2 protein chains.
Amino acid sequence: MIINNSLDEVKKRENALSIIKNIVETKGRNFLFDLTGLSGGFIVNPSELSLLETYVGPAIFEDALQEVGIEHMGGEKVLPLNRTSSGILATILSLVNENSNVVHYLAKLPAHPSIPRSCKLVGANYFETDIFEEFKIPDNTSLVIITGSTMDHQVIDENEFKQVIEMAHEKNIPVLVDDASGARLRTVVYNQKKACDLGADIAITSTDKLMPGPRGGLMAGRVELIDQIKVKVNQFGLEAQPPVVLAMLNGIKNFNEDNLIKSFKRKDELFDLLSQKFNNFEKTPTGVMITAEKLACEISTSHNLSDNDLAFILSFILLKDYGIITIPAVGMPGASATIRFDLSTTDAFNLNLNDLNKKIESSFDKLQSIVSNEEKCKEIVFTF
Amino acid sequence: MIINNSLDEVKKRENALSIIKNIVETKGRNFLFDLTGLSGGFIVNPSELSLLETYVGPAIFEDALQEVGIEHMGGEKVLPLNRTSSGILATILSLVNENSNVVHYLAKLPAHPSIPRSCKLVGANYFETDIFEEFKIPDNTSLVIITGSTMDHQVIDENEFKQVIEMAHEKNIPVLVDDASGARLRTVVYNQKKACDLGADIAITSTDKLMPGPRGGLMAGRVELIDQIKVKVNQFGLEAQPPVVLAMLNGIKNFNEDNLIKSFKRKDELFDLLSQKFNNFEKTPTGVMITAEKLACEISTSHNLSDNDLAFILSFILLKDYGIITIPAVGMPGASATIRFDLSTTDAFNLNLNDLNKKIESSFDKLQSIVSNEEKCKEIVFTF
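Since this is a predicted model, take the numbers as computed values, not measurements.

What counts, and at which threshold
- Residues numbered from 1 in each chain as written.
- Chains lettered and ligands numbered in written order.
- Predicted model: local features only at pLDDT ≥ 70, side-chain atom pairs only at ≥ 80, totals over all residues.
- Heavy atoms only, no water.
- Helix = DSSP H or I, 4+ residues; strand = E, 2+ residues; numbered from the N terminus.
- Rg over C-alpha atoms; globule rule 2.2 N^0.38 Å.
- Buried < 20%, exposed > 50% of the residue type's maximum accessible area, 1.4 Å probe, protein only.
- Contact = heavy atoms within 4.5 Å.
- Areas by Shrake-Rupley, 256 points an atom, 1.4 Å probe, with all protein chains shown as cover.
- Lys, Arg positive; Asp, Glu negative; His and termini not counted.
- Charge placed at Lys NZ, Arg CZ, Asp CG, Glu CD.
- Buried area = accessible area lost by both parts, 1.4 Å probe.
- Salt bridge = Lys/Arg side-chain N within 4 Å of Asp/Glu carboxyl O.
- Polar contact = N/O pair within 3.5 Å; in protein donor to acceptor, adjacent residues only side chain to side chain.
- Core = buried A, V, L, I, M, F, W, Y, C linked by side-chain atoms within 4.5 Å.
- Pairing = 2+ DSSP bridges.
- Axes fitted to C-alpha atoms, helices over the stretch in contact; angles between N-to-C directions.
- Parallel < 35°, antiparallel > 145°, perpendicular 65-115°, else oblique.
- Left-handed = near helix turned anticlockwise from the far one by under 90°.
- Least-squares fit on C-alpha atoms with pLDDT ≥ 70 in both.
- pLDDT = per-residue confidence, 0-100.
- Expected span 1.5 Å × (residues − 1).
- Phe/Tyr/Trp six-rings, centres within 6.5 Å; stacked < 30°, edge-to-face > 60°.

> How would you sum up the overall build of chain A? Please name residues and give values.
Looking only at helices and strands, chain A features 16 helices and 12 strands. Its C-alpha radius of gyration of 21 Å places chain A within 12% of the 21 Å reference for a compact globule of 384 residues. When each of the 384 residues of chain A is scored for burial, the buried share is 64%. A sequence separation of at least 24 residues applies to 76% of the contacts in chain A between residues at least 6 apart. A total of about 13,900 Å² of accessible surface is found on chain A, and carbon and sulfur atoms cover 45% of it. Computing the positive centroid from 38 side-chain charges and the negative centroid from 51, chain A places the two 4 Å apart.

> Residue-level account of the interface of chain B and chain A, with values.
The partner chain A presents 61 residues to the 61 residues of chain B that form the contact. Both sides of the chain B and chain A interface together cover about 5,800 Å² of buried area, and 62% of this is carbon and sulfur. Here chain B and chain A share eight salt bridges between them. Here E14 of chain A and K77 of chain B are joined by a salt bridge, their closest N and O atoms 2.9 Å apart. Taken together, chain B and chain A are joined by 20 residue pairs in polar contact (both at pLDDT 80 or more). Counting only elements with at least two residues in the side of chain B that touches chain A, the list comes to α1 (6-26), α3 (56-73), α4 (84-95), α5 (114-122), α8 (223-236) and α9 (242-253) of chain B. Per-element tally for the side of chain B that touches chain A: the top contributor is α1 of chain B, with 10 residues.

> Hey, could you go over the nonpolar core for me, with residue numbers and the actual values?
Note on soluble globular proteins: their nonpolar side chains tend to be buried together. The biggest cluster of nonpolar side chains holds 215 residues, and the ones touching the most others in it are I20 of chain A together with I20 of chain B. Counting residues in each nonpolar core, the second largest holds 57 residues, with Y126 and I202 of chain A together with I115 and L225 of chain B among its members.

> Would you mind going over the sheet that holds strand β12 (residues 339-342) of chain B in detail, with residue names and values included?
Residue and element names in this part refer to chain B. Spatial strand order, β9-β10-β12: three strands in an open sheet with antiparallel pairing. Either end of the sheet is taken by a strand with one partner, and the two such strands are β9 (282-284) and β12. When the angles between neighbouring strand axes are averaged without regard to direction, this sheet yields 25 degrees. Bridge count between strand β10 (residues 287-290) and β12: four bridges; the pairing is antiparallel.

> Describe in detail the sheet that holds strand β10 (residues 287-290) of chain A, supporting the description with residues and values.
Strand pairing in a sheet is mediated by backbone hydrogen bonds. Such pairs are either parallel or antiparallel. Residue and element names in this part refer to chain A. The sheet built from three strands is open, its strands ordered β9-β10-β12 with antiparallel pairing. Strand pairing shows two members of the sheet lacking a second neighbour, β9 (282-284) and β12 (339-342), which therefore form its edges. In this sheet, adjacent strand axes meet at a mean angle of 25 degrees when their direction is disregarded.

> Describe in detail the environment of S47 of chain B, supporting the description with residues and values.
Residue and element names in this part refer to chain B. Tracing the sequence through the fold places S47 in helix α2 (residues 46-49). With relative accessibility at 53%, the residue S47 sits in the exposed group. Sequence separation between S47 and S18 is 29 residues; the distance between their C-alpha atoms is 32 Å.

> Describe the packing of helix α12 (residues 307-322) of chain B against helix α16 (residues 374-382) of chain B, naming the residues involved and giving the relevant values.
Residues and elements named next belong to chain B. Between α12 and α16, the shortest axis-to-axis distance is 9 Å and the interhelical angle comes to 60 degrees. As the angle between them shows, α12 and α16 are arranged oblique. Relative to α16, α12 is oriented so that their crossing is left-handed. Note on element contacts: α16 touches α12 through C377, E379, I380 and V381, opposite F312, I313, F316, I317 and K320.

> Can you break down helix α7 (residues 182-189) of chain A residue by residue, with the values?
All names here are of chain A. Counting buried positions along α7 yields eight of eight residues, so the element is predominantly enclosed. Looking only at α7, the buried set comprises G182, A183, R184, L185, R186, T187, V188 and V189. Close packing links the buried residues of α7 with α3 (56-73), α6 (158-170), β7 (202-206) and α10 (257-274). Taken from the residues just after α7, N191 is the one with a positive phi, measuring 55 degrees.

> Any chance you could break down the environment of H153 of chain A for me, citing the residues and the numbers?
Residue and element names in this part refer to chain A. Residue placement: H153 occurs in the loop between β5 (141-147) and α6. The exposure class assigned to H153 is buried, which follows from its relative accessible area of 7%. On a C-alpha basis, the gap between H153 and S275 in space is 20 Å, while along the polypeptide they are 122 residues apart. With sequence-adjacent residues up to four places away left out, H153 is seen in contact with S181, L185, L210, T284, P285, T286, R340 and D342.

> I'd like a rundown of the pattern of salt bridges, residues and numbers included.
Tallying each qualifying case throughout the model produces 34 salt bridges over all chains. A salt bridge links E25 of chain A to K21 of chain A, with the shortest nitrogen-to-oxygen separation between them at 3.5 Å. Here E25 of chain A and its partner K21 of chain A are both found in helix α1 (residues 6-26), four residues apart, which amounts to about one turn of the helix. A salt bridge links D347 of chain B to R29 of chain B; the nearest nitrogen and oxygen atoms lie 3.1 Å apart. Of this pair, D347 of chain B sits in helix α14 (residues 346-349) while R29 of chain B sits in the loop between α1 and β1 (33-34); the two residues are 318 residues apart in sequence, bridging distant segments of the chain. With respect to burial, D347 of chain B and R29 of chain B carry one shared label: buried. Among the charged side chains, a network of salt bridges with common partners joins E14 of chain A together with K77, D227 and K230 of chain B.

> Run through the relation of the copies chain B and chain A, naming residues and quoting values.
For the pair chain B and chain A, the superposition axis carries a translation of 0.0 Å, the fit reaches an RMSD of 0.0 Å, and the rotation angle comes to 180 degrees. Read as a symmetry element, the transformation amounts to a two-fold axis. Residue by residue, 100% of the interface of chain B is reproduced at the interface of chain A, so both copies engage with the same surface.

> Explain the confidence of the model for chain A to me, using residue names and the numbers behind them.
When pLDDT drops low, the exact placement of atoms in the prediction is not to be read closely. Here chain A averages 93 in pLDDT, while 99% of its residues score no lower than 70. In the model output, the complex is listed with pTM 0.84 alongside ipTM 0.84.

> Describe in detail helix α15 (residues 353-370) of chain B, supporting the description with residues and values.
End to end, α15 of chain B covers 26 Å across 18 residues, agreeing with the expected 26 Å (1.5 Å per residue, within 8%). If you check the start of α15 of chain B, you find a side-chain oxygen 2.8 Å away from the backbone N of N354 of chain B, and it comes from N352 of chain B.

> Account for the side chain of S344 of chain A, with residues named and values stated.
Turning to its location among the elements, S344 of chain A is positioned in the loop between β12 and α14 (346-349). Not counting residues within four places of it along the chain, the set of residues in contact with S344 of chain A comprises L210, L260, S263, T286 and F349 of chain A.

> Describe the packing of aromatic side chains, listing the residues and the values that go with them.
In the structure shown here, the tally under the stated rule is 14 aromatic pairs over all chains. Geometrically, the ring pair formed by F278 of chain A and F281 of chain A is edge-to-face, given 5.6 Å between the ring centres and 65 degrees between the ring planes. F281 of chain A carries the same exposure label as F278 of chain A, and that label is buried. Arranged with centres 6.4 Å apart and planes meeting at 35 degrees, the rings of F281 of chain B and F341 of chain B form a pair that is tilted. Here F281 of chain B, found in the loop between α10 (257-274) and β9, pairs with F341 of chain B, found in strand β12; they are 60 residues apart in sequence, far enough to count as distant. Look at F281 of chain B and you get buried, because its relative accessible area is 6%. Assessed through its relative accessible area of 1%, F341 of chain B is described here as buried. Through successive ring pairs, a cluster of aromatic residues spans F278, F281, F341 and F364 of chain A.

Dropping the structure here:
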C-alpha cells in the first residue's frame, strides 16, 4: 500500500502541486491540461481589485451576490462560504443536536466525507443509503440530506428528490441539498428544477465545479435558516473572503450553459476512442471516468497495491509525463480516487481527442510496466 | 437592550456593510476612514491574476509563501488559513481530546471567543486566566494556549511568555500561540521575539491585522504538527483559497515596520486631544480606545441600554455621520465592543487629528442626546 491515511493524501497533494508549479515555471501554463472539472477560475476586473479590503469588499460584493446568487440557486437568501465542506459543517453545527439522527439519500454511495465527519463531530447518528426503497426517516431526526449529483456525477432522480423532501417536511424536518456540481448538472443537462424550487430548505453548490468560479461554496435557502447558519459560519471562520466572493459573482455571470451541453456530446467521442483498447471506462455527463476498482481490472501484471493506489499512480503519470491534471493527484483527503477526464473546462475545449486518447493509453502502459515495483511507484507519487 | 445575541450581531454587521456600500457608491471610497486596524489589503499584480485557478494557484503561491511566511513568523513550515478562528478550530480538532484540559494564559481577559467555542465543540474543559501567579497546568492537559496580544492590544510580558512555554514543555504538552496582532505588535513595537523562536510549537497570526494583507490566518510551527493540523483543515474546508494566499504573500512583502512605529508615536497626540474633553480613553500601542464599560461612564443621561449597546450605537453614529469605520459596527459575532481608533492603517495616515477629534466629540454629543430614546437607538443600529 502506498496511500494509507489522510496524512499520505496531504503529502501526495503537496507533491502534485510542486510538479504543477514546476511545469508552469519551466514550460508555461500552456503545458498543463486541467481536466478535473474543478479548475474554476478567478475572473476579476482590475478596477474591482482596489475595493478588496476587509470591510469594504464584503459590503459591495456580498450585496451584488444576493441578486445573482439567488437567480442561480433559487431560495430567499445566499451565503458565500470558503468551501462546500465548510458550509456542510456549519449547517450541521447549527441544526443537528448530539444524539439526534441525520439521514442522507444519494444516487450512489459513497457520500462526500465531509457529511459523516461533521455528524461525528457533533455526536449525531448518521445513516445513508442509495436505495430509495430503503430510505426511512426515523424518530428524533434533526436533518435530512440529499445529494443532487455525486462526486462521480451520478444524478438523483427528480421524483425521488421530491418524495424525500415531502417525507421530511411531513415530519417538519429541514432538508439540506448537497448540490456541489448538481446545481448546474441537474438543471442544465437533465432539465431538473433548482433544489430550492423543489422545496429544499438549504442547498449548497461548489462555485468551481462546472463553472468558471473560484473554489468555494454558495449556500441558498430560507432566510431564517441562512441567518442561523451564518452565526456559526462567522464564529468559526467558515465564510468566503471578499476576493472569493467577487470571483463567485463574476463566475456565475460568466457561466455558459452551452459549454456544459457541448461537453455532454463530445464525451461520446472520447468514450468511443478509449473503448477500442479499454473495457472499463464509463461515461459521466461531461466526460469519461474509470473508478479505482475498474482500473484494477485493466492491470494484468501482479502487484500488492490497493485499487486506490493504482489510481493515484496513474494520475501522477498523467501529470508528470503529459501535464494532465486529474483529481486523484491534487484532491483533498477523502476525495474520490476515480480518474475523471472532464471535457467541460477551458483547457479541454481546444484539446484534440485523438491525441488525448494516445496519452491516456501510453500512461496505462507505463503503469502496467512499473506496477510490480512498489519503490518505483512510491517515487512517482511522493517525489518531484 | 438592543444587541441581545449572535443573530443581532450578524444583523448589525449586515447593516453596517450596507451603509459602507452606500457611501462608496454615492460619495466614493475617499469618504470612508477605516480605523479598525483590520482594514488589511489585497495587493495583487495583474499578471498574477491569471494563475488564480483552483489547482494552479496553490501550486505557485503556497510554495512562495513558505519562504516569506517563515521569515515573518519563524517555525519550520507555514499553513495559510481562511481565518485565525478557523486555524484555532483546526488546531483544537487535531490536538485536543474529549474530556482533556486546555489552559490559556493571556495578558487580559476576555479571550477571543473562538478558543472556548472550539474547546466546547470537542468536549474539552477550558480554563483561562490573566493572572500569571494563578496559571497552572493540571493533569490530562492536551494543549496550552498563550495569547500574544489581546483583541484590545494588551501585550503579554515576554518573561511570562517564556515561563508558560517551559511549564508546558516540562509536561510534553504542545503550546499554541494566538498571535493575531501580536506577531507584529510584540516584535516590532516591543522588540519581543517571534513566538516560534520563543519555543511555541504552533503560532498563528491574522494577516489583516496591522499589515496590508487580506483577512486570513497564517499558521507556523513544527512540521509534524502543521501536517497533522492540515489534514483537519482540508477535511473541513478551513484553508485559505489561492487569491487570499497570493494577497498574504504580497501583504507580508509590503509590511512596513515604520508605519507601525509612526502610529505608535502619533497616538499620543490624539490621546492628548481627546483627553481635553473625555476622561476614559486609553492608549493602545497604535491608537486610542475606549471600552464599552468606560464609555458608559462618559454618558450622563439616564437610559436602559447595556454598555455594549452604547458602543454599538456610537460606532454606527461614527459610520453614518462621518464614514469612520470602527470594529463594533462591522465586527463578527463575539468581537470586542471596544471602540478603537487605530492609526496604523492607510486611511489614518493622511487624517488630520484635530479634525478627527472634533468628529469623535460630536458623535459623543449625538449619542448623549438620543440615549434615552431606545427606538431611535435601534433605528441607528439596524436601519440603513
